[in-house]
Number of protein chains: 2
Amino acid sequence: MARTQGSHSDITGPRIRKAALKLFAQHGYAAVSMRQIAGEVGVQAGALYNYTPDKQSLLFGLMHAHMDELLSARAALPPVDGPLEELKQFVGFHIRFHLERPDEVFIAYMELRNLTPENFAMIEALRRTYEDDLEGILREGVAQGVFAVPDTKIATLAVIAMLNGVNTWYRSGGRLSLDEVETIYWDMVRKAVAR
Amino acid sequence: MARTQGSHSDITGPRIRKAALKLFAQHGYAAVSMRQIAGEVGVQAGALYNYTPDKQSLLFGLMHAHMDELLSARAALPPVDGPLEELKQFVGFHIRFHLERPDEVFIAYMELRNLTPENFAMIEALRRTYEDDLEGILREGVAQGVFAVPDTKIATLAVIAMLNGVNTWYRSGGRLSLDEVETIYWDMVRKAVAR
DNA sequence: GTTCTATTTGAACATATGTTCATATAACGT
DNA sequence: ACGTTATATGAACATATGTTCAAATAGAAC
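Residues numbered from 1 in each chain as written. Chains lettered and ligands numbered in written order. Predicted model: local features only at pLDDT ≥ 70, side-chain atom pairs only at ≥ 80, totals over all residues. Heavy atoms only, no water.

A. Seen up close, the overall build of chain A. Secondary structure summary: chain A contains 10 helices and 0 strands in total. Mapped in sequence order, the helices and strands of chain A form the string α-α-α-α-α-α-α-α-α-α. In terms of overall dimensions, chain A has C-alpha extents of about 70 × 40 × 30 Å along its principal axes. In chain A, which comprises 195 residues, the proportion classed as buried is 47%. Contacts spanning at least 24 positions in sequence make up 67% of the contacts within chain A whose residues lie at least 6 apart. Taken as a whole, chain A presents about 9700 Å² of accessible surface, with 53% of it coming from carbon and sulfur. Side-chain charges in chain A split into 21 positive and 24 negative, and the spacing between the mean points of these groups amounts to 6 Å. (Helix = DSSP H or I, 4+ residues; strand = E, 2+ residues; numbered from the N terminus. Buried < 20%, exposed > 50% of the residue type's maximum accessible area, 1.4 Å probe, protein only. Contact = heavy atoms within 4.5 Å. Areas by Shrake-Rupley, 256 points an atom, 1.4 Å probe, with all protein chains shown as cover. Lys, Arg positive; Asp, Glu negative; His and termini not counted. Charge placed at Lys NZ, Arg CZ, Asp CG, Glu CD.)

This is the structure:
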């Protein structure tokens, strides 16, 4: 056998990325073999190399796509008025965006060390852009006197770390609705940076 | 050659655990081979099996020892008066304990998925004990009316996530001293749970 | 100094790894 | 219908993996 019936790069390509995403998130990049990914797709390992030059690029592609989506989704938010409203919007956006993509988020935070140095630098720069965005809000709020944080850089990282924590426990259909989670976290974030 | 000069289990054992800890933290459990660990110690791979039945037990042993230390160090803290003081003590303890053991902490949070189900359950139970400790403080504070959080369980996880974030950026000798870090985080935590 | 035990070597085993490539078949354009 | 291109197979390659074990030497006990 060779080319199979119904085979098409528009179909196989996404399926490979999807399978890789799922398996990387589940077992970790290093613990997943190309043959496992191929098996999940229902294809031989060799076929993967029509879609990625190597395993590393497969990982990098997933992480890069995720960060791109994050930044463009954030950029597409409607403008709101004042640091307090901006922070509230950020909290809601962050929680929802990340809860919708648990596997991508997991990989983006856990597999950084498995990137080559060049690839790591690119992903890190994108993440930094996102963080700077939040820090800008906090700084503006401090300047206007509506926030009081001893150090905006640290507060930025603290808020993001706190929000990322949601992904470790939230399960849709659980005790709390998304709206409730958003409210609870907004309450804590708001108070943490309040004057 | 066979047994080497100066070889002693009291020396080799700790060196193996230390090497495994460092390498697991650096590259991840799955990405590190027994030969790499042996190489770091200056020994052949076969020698490792005098100290661990297998690779999995090596990982589990490191995580288990870490959690044990965490819980006993926490239990050894002097008693303080009232939820506010208890929370402050917890924040300071958590930050310092974790900053002193970056590799152990990293592994304990990143390699959970590489544990067998039984081992995972044991580590998870220990972590749960620690979390429950903090939740007890928050609940007591809410009962006494000194804290106001919508949900003590979530607040617990949020606080711990926030505090864990310190390990991702703090470098000793950097811009901030340990005391300053402690003060900054205590300020944010205190306000986040305040009424 | 001899016996006993602790510790390490080094080779071996079976299997798994990422990647390449000649070959074959399906889909597409004319 | 036919030639071209796209997509897959399946075998092969060199190397790496976790683990075992007989043999060898060092340290400890007497």
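B. Molecular detail of the interface of chain A and chain B. Contact residues are listed per partner, giving 35 residues for chain A and 35 residues for chain B. Counting the surface lost from both chain A and chain B, the interface buries some 2700 Å², and carbon and sulfur atoms represent 65% of this. It is R113(A), I154(A) and K191(A) in chain A that bury the most area against chain B; as a group they hold 25% of the surface buried on that side. The tally of links from chain A across to chain B stands at 4 salt bridges. (Buried area = accessible area lost by both parts, 1.4 Å probe. Salt bridge = Lys/Arg side-chain N within 4 Å of Asp/Glu carboxyl O.)

C. Quick peek at helix α4 (residues 82-99) of chain B. With 18 residues, α4(B) should reach 26 Å at 1.5 Å per residue; the first-to-last C-alpha distance of 26 Å fits that figure. Looking at the packing, one finds that the buried side of α4(B) touches α3 (55-75), α5 (102-110), α6 (117-143), α7 (152-164), α8 (166-169) and α9 (178-193) of chain B. (Expected span 1.5 Å × (residues − 1).)

D. Looking closely at the protein's contact with DNA strand D. The full set close to DNA strand D counts 29 residues, and S9(A), T12(A), Q44(A), Y51(A) and A2(B) are the nearest of them. Counting only the atoms of DNA strand D that lie within 4 Å of the protein, the sugar and phosphate share comes to 64%. Contact distances for DNA strand D include 3.3 Å between a base nitrogen and a side-chain N or O atom of N50(A). Between DNA strand D and the protein, one listed contact pairs a phosphate oxygen with a backbone N or O atom of V32(B) at 3.4 Å. For the surface near DNA strand D, the elements supplying multiple residues, two or more each, are α1 (9-27) and α3 (45-48) of chain A together with α2 (34-41) of chain B. In terms of residue class, the surface near DNA strand D is built from 9 nonpolar, 14 polar and 6 charged. (Near = heavy atom within 4 Å. Polar contact = N/O pair within 3.5 Å; in protein donor to acceptor, adjacent residues only side chain to side chain. Nonpolar A, V, L, I, M, F, W, Y, C, P; charged D, E, K, R; others polar.)

E. Layout of the UniProt feature "DNA-binding region" (unreviewed entry) in chain A. Here the UniProt-annotated "DNA-binding region" (unreviewed entry) positions come out as residues 33-52 of chain A. Secondary structure across residues 33-52 of chain A comprises 60% helix and 0% strand; the distance between its end C-alpha atoms is 14 Å. (UniProt positions renumbered as here; feature names shortened; annotations may be inferred.)

F. The arrangement of the protein's contact with DNA strand C in detail. The local shell around DNA strand C holds 29 residues, among which A2(A), G6(A), Q44(B), N50(B) and Y51(B) are the closest. When the atoms of DNA strand C within 4 Å of the protein are sorted by group, sugar and phosphate make up 64%. Measuring from a phosphate oxygen of DNA strand C, one finds a backbone N or O atom of V32(A) at 3.4 Å. Between DNA strand C and the protein, one listed contact pairs a phosphate oxygen with a backbone N or O atom of K55(A) at 2.9 Å. Listed by contribution, the elements that provide at least two residues to the surface near DNA strand C are α2 (34-41) of chain A together with α1 (9-27) of chain B.

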